[in-house]
Amino acid sequence: MRHRWAGFLGTFAVLLLGVAVISGSLTLWAAAQPRVPDALAATDAVVASPSFDPVDGGFPVYRPWSPDEVSSLVADLGATPGVLAAVPFRTF
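Treat the numbers as computed from the prediction; the structure is a model and nothing was measured.

(A) Structural view of the overall build of the chain. The number of helices and strands found in the chain is two helices and two strands. Overall, the chain shows an N-to-C arrangement of helices and strands of α-β-β-α. Expressed along its principal axes, the backbone C-alpha trace of the chain runs to roughly 85 × 35 × 20 Å. Looking at the 92 residues of the chain, the share that counts as buried comes to 1%. Within the chain, residue pairs in contact and separated by at least 24 positions form 21% of the contacts whose partners lie at least 6 positions apart. Here the chain has roughly 8,300 Å² of accessible surface; of this, 68% comes from carbon and sulfur atoms. Charge separation in the chain, taken as the distance between the mean sites of 5 positive and 7 negative side-chain charges, equals 30 Å.

(B) The pattern of salt bridges, seen in detail. Scanning all chains against the criterion turns up two salt bridges. Here Arg-35 makes a salt bridge to Asp-38, at a shortest N to O gap of 3.7 Å. Among the residues examined, Arg-35 registers a relative accessible area of 66% and is labelled exposed. Glu-69 is the salt-bridge partner of Arg-63, the closest N and O atoms lying 3.3 Å from each other. Classification of Arg-63 as partly exposed rests on a relative accessible area of 35%.

(C) Looking closely at the environment of Gly-10. Looking at the secondary structure, you find Gly-10 in helix α1 (residues 2-31). Classification of Gly-10 as partly exposed rests on a relative accessible area of 34%. With 27 residues separating them along the chain, Gly-10 and Pro-37 place their C-alpha atoms 45 Å apart.

Rules used in this analysis
Residues numbered from 1 in each chain as written. Predicted model: local features only at pLDDT ≥ 70, side-chain atom pairs only at ≥ 80, totals over all residues. Heavy atoms only, no water. Helix = DSSP H or I, 4+ residues; strand = E, 2+ residues; numbered from the N terminus. Buried < 20%, exposed > 50% of the residue type's maximum accessible area, 1.4 Å probe, protein only. Contact = heavy atoms within 4.5 Å. Areas by Shrake-Rupley, 256 points an atom, 1.4 Å probe, with all protein chains shown as cover. Lys, Arg positive; Asp, Glu negative; His and termini not counted. Charge placed at Lys NZ, Arg CZ, Asp CG, Glu CD. Salt bridge = Lys/Arg side-chain N within 4 Å of Asp/Glu carboxyl O.

None of the figures reported here should be taken as evidence of function without further support.
Given below as structure tokens:
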């Protein structure tokens, strides 16, 4: 009887450890998903700055717009029929 309890407890411990590893992995995966910032969640359309992929690979790099480009883009978007307002949102 002693050996059966040890085998049962060992199996239970391994299953518990497996569930913990899978749950932790899924939690990290769900937390790493991209999401829209709260400040932009209510917008109908978002215009992002141009991006380019580095030659050596990796994440895309976004080129920030100059103030002149931003004012020109806001004026162009504001003149578009159906657009109520164009608001520049600079995060830096």
